[in-house]
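# Structure at a glance
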Amino acid sequence: YVPIEKGGNKGVAVFDSELNYITHAQFPVQSNDGVPRSHASWVAINPVNGLLYASDNNLNDEPVYRYHRYNDPSGHNFLSPAGWVNLRLENKKPIERGVRDLLGIQGGTFSPNGLLFLSTEPYGIYTFDLGDDGLASTGVLREFMFIEYKPHIRVFWDWYRYEELEGLTYWDLDKPQF
C-alpha cells in the first residue's frame, strides 16, 4: 500500500510483492464538512484488526482515519470508512525538547501488538496506544523518541532547508525475519 498525495482527492495505490501495480482508490470523505483530505502522508495496516490507517501531515487539527479494505479487482471503492482516532499529547508533551505539536507527520507503522509509531519532521518518533483492538477513539501517547541529528543543509538557492524523517518501518530485531 502506497499513499497518493498529488492532484485530486488523496488515496492509496496497491502493489503486489513484486511491485506490480494492482489497483488504487481515493479515500472516502470522513469529515463533517465533506471536504476531502488534503494530504496522505502515510498508510499502514494495523495487524490487530486488519484496518488501514492514514492521516494528514498535521494531526493537531485532523484525526488518523481508519478504513475497511476490500479486495475488489476492479479497483473501485475498495476502501470504506471505519471511523477515526484522535491523537493527544496531553500531560506527556515532550516539552523538554520544544516539541508541542503533532505536525509534519512523515511516516507511520504498527508493531505486531498494534502500537502506532509516527515519524515527525524534524523531531523524532511518537508511539501511541490505540487500545487492545485498535479501535479507541483517542490514542494515548506512550513514548516520544527524540532523534538527535543535524537537519540543516545548504542548498543552491542560498537559504537553509531542513531534512525530514521520511517513512517508518517496524522491524523486531529480536526475532528472525527470514
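What counts and what doesn't
Residues numbered from 1 in each chain as written. Predicted model: local features only at pLDDT ≥ 70, side-chain atom pairs only at ≥ 80, totals over all residues. Heavy atoms only, no water. Helix = DSSP H or I, 4+ residues; strand = E, 2+ residues; numbered from the N terminus. Buried < 20%, exposed > 50% of the residue type's maximum accessible area, 1.4 Å probe, protein only. Contact = heavy atoms within 4.5 Å. Areas by Shrake-Rupley, 256 points an atom, 1.4 Å probe, with all protein chains shown as cover. Pairing = 2+ DSSP bridges. Axes fitted to C-alpha atoms, helices over the stretch in contact; angles between N-to-C directions. Phe/Tyr/Trp six-rings, centres within 6.5 Å; stacked < 30°, edge-to-face > 60°. Salt bridge = Lys/Arg side-chain N within 4 Å of Asp/Glu carboxyl O. Patch = residues over 30% accessible without salt bridge, like charges linked within 9 Å, V, L, I, M, F, W, Y side chains within 5 Å. pLDDT = per-residue confidence, 0-100. Core = buried A, V, L, I, M, F, W, Y, C linked by side-chain atoms within 4.5 Å.

## A short note on the overall build of the protein chain
Within the protein chain, the secondary structure is distributed over 0 helices and 13 strands. In sequence order, the secondary structure elements of the protein chain are arranged as β-β-β-β-β-β-β-β-β-β-β-β-β. By the burial criterion, 39% of the 178 residues in the protein chain qualify as buried. Pairs at least 24 apart in sequence give 46% of the contacts found in the protein chain among residues at least 6 apart. For the protein chain, the computed accessible surface area is about 10700 Å², with 51% contributed by carbon and sulfur atoms.

## Quick notes on the sheet that holds strand β3 (residues 21–26)
Ordered by their spatial adjacency, 3 strands build an open sheet running β1-β2-β3, and the pairing between neighbours is antiparallel. Two strands lie at the open edges of the sheet, namely β1 (2–4) and β3, each paired on one side alone. On average, each strand axis in the sheet is inclined to that of its neighbour by 25°, with strand direction left out of account.

## Overview of the environment of isoleucine 147
If you trace the backbone, isoleucine 147 turns up in the loop between β11 (138–146) and β12 (152–154). Sequence spacing of isoleucine 147 and glycine 124 is 23 residues, and the spatial spacing of their C-alpha atoms is 4.7 Å. Ignoring any residue separated from it by four or fewer positions in sequence, one finds isoleucine 147 in contact with Tyr123, Gly124, Ile125 and Leu165.

## Describing the packing of aromatic side chains
Using the criterion set out here, one finds 6 aromatic pairs in the structure. Summarising the aromatic geometry, the rings of tyrosine 126 and phenylalanine 128 are spaced 5.9 Å apart at their centres and angled 25° between planes, so their arrangement reads as stacked.

## As for the pattern of salt bridges
Side-chain pairs of opposite charge can arise whenever the charged atoms involved come near each other. Under the defined criterion, the tally for this structure stands at 1 salt bridge. In this structure, aspartate 129 and arginine 142 form a salt bridge, with 3.2 Å as the shortest nitrogen-oxygen distance. With aspartate 129 in strand β10 (residues 124–129) and arginine 142 in strand β11, this pair connects stretches of sequence that are 13 residues apart.

## A short note on a nonpolar patch on the surface
Residues Val2, Phe15, Leu19 and Tyr21 make up a contiguous nonpolar surface patch of roughly 400 Å² in combined accessible area. Here valine 2 is to be found in strand β1.

## Quick look at the confidence of the model for the protein chain
When pLDDT is averaged along the protein chain, the result is 77; 70% of the residues meet or exceed 70. Note on residues 92–98: pLDDT is under 50 here. Beyond four places in sequence and across chains, it has 9 contacts.

## Examining the nonpolar core
With 20 residues, the main nonpolar core has Trp42, Leu87, Leu116, Leu118, Phe128 and Leu130 as its most contacted residues. Breaking this core down by element, the ones donating at least two residues are β4 (42–45), β7 (79–88), β8 (105–110), β9 (116–120), β10 and β11. The greatest single-element share of this core, amounting to 3 residues, is contributed by β7. Within the second largest apolar cluster, 12 residues are counted, among which are Val12, Val14, Ala25 and Phe78.

## Brief notes about the side chain of asparagine 46
Following the sequence through the fold, asparagine 46 ends up in the loop between β4 and β5 (52–55). Not counting chain neighbours up to four residues away, the residues in contact with asparagine 46 comprise Leu51, Tyr53, Phe110, Gly114 and Gly134.

## Topic: the sheet that holds β7
The strand order across the open sheet formed by 8 strands is β4-β5-β6-β7-β11-β10-β9-β8, and the pairing between neighbours is mixed. With one partner strand each, in any of the chains shown, β4 and β8 form the two edges of the open sheet. Going across the sheet, the axis of each strand differs from the next one's by a mean of 30°, ignoring polarity.

## Topic: the pairing of β8
For a regular strand, side-chain orientation follows a simple rule: the groups alternate between the two sheet faces. Burial analysis of β8 places 6 of its 6 residues in the buried class, the great majority of the element. Direction of pairing for β8 relative to β9: antiparallel, over a ladder of 5 bridges. Paired with phenylalanine 110 across the strands is leucine 116, a residue of β9. The hairpin formed by β8 and β9 contains 5 residues between the paired strands, and glycine 114 there has a positive phi angle of roughly 90°.

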